[in-house]
Each structure stands twice: as C-alpha cells, then as structure tokens.
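Structural overview
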Amino acid sequence: MKILVVSTNAIGPLAVVNRLTKEGHDVKWFSFEDSIIGRGIVDKPDSWRSEIGASDLIVCIGRDLMPILTAAQSLGKPVLGISEISHKTFKEINTDLSLPVLNEVKVTDEDLVETLQQWHKDGFFVSQQENDWPQHTWECRTEEDFTYAVQQRIDGHKYILQQRQVGECFSVVGWWNGRKWLKPFHLHWKSDLREPYSSGMLSVIDKQETLEMLILPLKDLLKKSSYKGPVFVDCIMTKEQIYVMNIRFELRPDYFSLLAEGAFQGMADLLFEVAVGTATGIRYHPGYVVGDVLYGTNLLGAPLNGLNEHNEKHIAFVGVRGDDKYTYVGIQKGPIMMITARGETLREAGRRVIRTTNNLSLINLDLSNRQRVDLPAEQSLGNILNWGHI
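Quick notes on the rules
Residues numbered from 1 in each chain as written. Predicted model: local features only at pLDDT ≥ 70, side-chain atom pairs only at ≥ 80, totals over all residues. Heavy atoms only, no water. Helix = DSSP H or I, 4+ residues; strand = E, 2+ residues; numbered from the N terminus. Contact = heavy atoms within 4.5 Å. Areas by Shrake-Rupley, 256 points an atom, 1.4 Å probe, with all protein chains shown as cover. Salt bridge = Lys/Arg side-chain N within 4 Å of Asp/Glu carboxyl O. Buried < 20%, exposed > 50% of the residue type's maximum accessible area, 1.4 Å probe, protein only. Expected span 1.5 Å × (residues − 1). Pairing = 2+ DSSP bridges. Axes fitted to C-alpha atoms, helices over the stretch in contact; angles between N-to-C directions. Parallel < 35°, antiparallel > 145°, perpendicular 65-115°, else oblique. Nonpolar A, V, L, I, M, F, W, Y, C, P; charged D, E, K, R; others polar. pLDDT = per-residue confidence, 0-100. Disulfide = S-S within 2.5 Å. Phe/Tyr/Trp six-rings, centres within 6.5 Å; stacked < 30°, edge-to-face > 60°. Lys NZ or Arg CZ within 6 Å of the ring centre and 35° of its normal. Core = buried A, V, L, I, M, F, W, Y, C linked by side-chain atoms within 4.5 Å.

Further remarks concern the overall build of the protein chain. A count of helical and extended segments in the protein chain gives 12 helices and 20 strands. Across the protein chain, the fraction of contacts at a sequence separation of at least 24, relative to all contacts at a separation of at least 6, is 68%. Surface exposure of the protein chain reaches about 16500 Å², of which carbon and sulfur atoms provide 45%.

Laid out in structure tokens, this is it:
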C-alpha cells in the first residue's frame, strides 16, 4: 500500500511512519516543519501535492491540515485524522453535550503570567484556546510546572486555565469509522501531560459503561462530519467525580506507539479500514501495554547501537536519522525513541521494557537509575479503578 503521512510538526510522526514502513508499505512523509528527523529512514518528498494522487491512504497528524483533506476528497482518496471538527474548541463541542467540566477562566497572553501567579497556590491546568499543534493540556503543581507554563506563552494567543482537582488524569479513546464506533474503548495514561510525545500506558477496561458515558455522546457530532480516526476525551478523575478537560479528534503518535504494541492486526490495515469505513473493531492482546520514552539530552549526535530485528519491533523511533539499517543517530534534545512492551500485568510489561532498554548500547546515557513508568501507571490505574467510577 502507498501511504502519505502529512504532519504539522516533526516531533512524533516518525513513530507512525516508521511503524507503517516496518509493516512493508511504501510510506512517504511530508512535514511542514523542516527537520532532518527521519532522513535515511523514510522518503521525505518536497511537496505533499506531488504525492497525494498516487497514494492509497493519507494520514494527517497535526493542526491546520484542511487543504490536504480538501485535495484528497476531490481525488476520492481516503483520509484519516482530520476533518472540519478537528478545529472546534472544547467549549463549542460541549455546548450541546453538557459534560462535567472544571471551573475555568479565559485569559489573553498579556494576562497569562499574572493569572498564573494568582492560581499558583492551588494549582491549575492550562491549554491554548486556539487549536494550534501541539495543543495539549498540562498540569501545573510545582514551581517547575509554573515556570514551564510561563515559558509557553505565545504573543496573540488566548488561554484557558482550569481549576486543578486532586485526581488522576487519563484519556478515554475510541475509534470512529465514519458510521460507528469500533469497540472496545480503552484508557490511555500519560506520565507527563506537558509533552506531546510522552511515556505512558494503554489498557482495555473490562467494564465499559463509564467510558461509554464519556464518549458515546459524540456520535451525533461525528455523524455530521467527515472525520475518521481516533477520538480522545481527556479527563481527570477525583474520588467524587470525573471531569472532562478536552476533546480532540486526531491521531496522537505516542498513543499510536502503544496501540501498535497492543493490537493484533497491522496498523496500516487498521488505518486504511477505518478511513474507508469498513473496520468493525480492534483486536487487542490481553493485559497492559507500557511505553518508556528516552530523551536526547545526552544522545544528541550519538549512534544508537544494539538494534536488531527482534528488539526493533518494540522500539518507536521519534527523533533520529538513519545511517544504515540498524544504526540510527539521535538528533534532538527531545524524545528519541519509545520502548514498548505488553504483559499480563503492568509490572511484567515494565520489566520487559527495562530488559529491551538494557540490551541497547546508548553512548553517554546512564540507564541504571531510570524510573520505571509502570509503577506510577499502576498507582494511577489503581486509584482510577478503586474510586468506583469505572
């Protein structure tokens, strides 16, 4: 299959592109952000327009990609991950749904710092009001979080600050094929809400009633749109209630990396069947999937040795270029790769992640004191289940 991946940003989409390539498909990747990420690994054309006509599937990752959707639809090409509703704000989406939300205040970029200082004591969630990529909601609890939020201020943008509750953050994820939901729904947990590509956990919850309550109300909105792909309902759960913080219609690369580890079927087949409307469900391995992201602070320019055909199945590359088949080079200070594994328990999956990581030869990176992502995931999931909402 010939697949064209079009993205707004360069950080993250390589994980999708590389996986589809490993499955034996002819994949090309055009990113509006110029970067050497992916060079030597995937074909990166100079223009998406020259490739769209020969592609069997177009996968969009990011914001402001409506021209790609328009061009693809005019040629009768299946598209995944973008539609007119991808640009709707949460408030617009929730107007008719009335999902429970946190107390919030809207501020301009000029008032952001002052408002952050006022809210600093109790903590808050902050996100851009506009749907610019990467638009994500992050939690602020510490002085470091506060500093990070101030650094994200962009002139001319508006922001939403939501009152923080003590609880657990997660996303309910469902796939929409243009006509109906693909079941089961599942839960995506991220270790760092500030990062668009983050370590995390994926789990299929046996009791689906609460997940359905949060995501099924979107059906009528989706039926009126051309959207096909995953839908994320970002939530925070307290002991008393579940609040919805955001709803996004997009393909998130870090989630995709976890799904690729946990699903039975090939990812390219799943994406294509969803885009053409023939997919009927997603088949998962039992248990849990864990993914640990290695960052490039000490890997900039360093070769990533120790790769082979066995462990590379469990590695999603994010910030690398290729020298040859099994020699990649870290080229950014952000995420370099995600190591993924599945297991009957979270701890089993976590141990497998550590085993794969330790078998790599990563120059200048000490892995001996790395924190295990499965342990905080286990604690969060325990709270989510024990509080009785799910």
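Turning our attention to the pattern of salt bridges. Oppositely charged side chains can pair when the atoms bearing their charge come close. In this structure the tally under the stated criterion is 14 salt bridges. Ionic pairing is found between Arg19 and Glu23, a salt bridge with its closest N-O pair at 3.1 Å. The class for Arg19 is partly exposed, based on a relative accessible area of 23%. By relative accessible area, Glu23 is classed as partly exposed at 26%. Where Glu250 meets Arg63, a salt bridge forms, and the shortest distance between an N and an O atom there is 3.3 Å. Taken together, the residues span a long stretch of sequence, with Glu250 in the loop between strand S13 (242-249) and helix H9 (253-262) and Arg63 in the loop between strand S3 (57-61) and helix H3 (66-74) at a distance of 187 residues. One exposure class covers both Glu250 and Arg63, and it is buried. Counted as one network, the salt bridges with shared partners bring together Arg63, Asp234, Arg248, Glu250 and Arg252.

In this section: helix H12 (residues 374-386). With 13 residues, H12 extends 18 Å between its outermost C-alpha atoms, agreeing within 8% with the 18 Å of an ideal straight helix rising 1.5 Å per residue. Its buried side turned inward, H12 meets strand S9 (168-176), strand S10 (181-190), strand S11 (200-203), strand S12 (229-237), strand S14 (288-295) and helix H11 (346-358). A positive backbone phi angle near 85° is found at Gly388, which sits one or two residues after H12.

Right, let's get into the sheet that holds strand S4 (residues 79-80). Across the sheet, which stays open at both edges, the 4 strands sit in the order S2-S1-S3-S4 with parallel pairing between neighbours. The sheet terminates laterally at strand S2 (26-31) and S4, the two strands that pair on one side only. Packing against the sheet, helix H1 (residues 13-22) makes contact with strand S1 (2-7), S2 and S3, and its axis sits at approximately 165° to S2.

Direction vectors running N to C along H9 and helix H10 (residues 267-276) enclose 115°, while the axes themselves pass 10 Å from each other. The angle between H9 and H10 falls in the class roughly perpendicular. From H9, Phe256, Leu259 and Ala260 reach across to H10, where they touch Met267, Leu270 and Leu271. Along the lines of polarity and charge, the residues of the contact of H9 with H10 split into 6 nonpolar, no polar and no charged.

Attention now goes to the confidence of the model for the protein chain. Residues at a pLDDT of 70 or more form 80% of the protein chain, whose mean pLDDT is 84. Confidence, expressed as mean pLDDT per element, reaches its minimum in the protein chain at strand S6 (residues 124-128) with 62 and its maximum at S1 with 98.

As a further point, take the state of the cysteines. This model, assessed by the stated rule, comprises 0 disulfides. Cysteine Cys235 shares no disulfide, and the gap to the nearest cysteine sulfur, in Cys169, comes to 9.2 Å.

Enumeration according to the criterion identifies 6 aromatic pairs in this entry. Both rings, one in Trp181 and one in Phe185, keep their centres 5.6 Å apart while their planes meet at 80°; by these two values the pair is edge-to-face. Here Lys44 stacks its cationic end above the ring of Trp29, 4.7 Å away from the centre of that ring. A cation over a ring is seen here: Arg252 above Phe232, with NZ or CZ 4.2 Å from the ring centre.

For the rest of this paragraph, the subject is the environment of Ser35. As for its position among the elements, Ser35 is in the loop between S2 and helix H2 (49-52). The class for Ser35 is buried, based on a relative accessible area of 17%. When the C-alpha atoms of Ser35 and Gly319 are compared, they prove to be 9.9 Å apart, with 284 residues separating the residues in sequence. The contacts of Ser35, once residues within four sequence positions are left out, are Ala10 and Lys44.

With 6 of its 8 residues buried, S14 lies for the most part within the structure. As judged from the 4 bridges shared by S11 and S14, these two strands associate in the antiparallel manner. When the sheet's bridge partners are listed, Ser203 is paired in S14 with Tyr288. Alignment of S14 against strand S19 (residues 335-343), held across 8 bridges, turns out to be antiparallel.

Among the nonpolar cores identified, the biggest contains 92 residues, and Leu20, Trp175 and Ile247 are the most heavily contacted of them. Contact partners of Leu20, with chain neighbours within four places excluded, come to Ile3, Val5, His25, Val27, Phe256, Met267, Ala268 and Leu271.

A separate point is unusual backbone geometry. With omega at 5°, the peptide bond leading from Lys183 into Pro184 counts as cis. Looking at the secondary structure, you find Pro184 in strand S10. The phi dihedral of Asp64 is positive, around 55°, even though this residue is not glycine. Relative to the helices and strands, Asp64 resides in the loop between S3 and H3.

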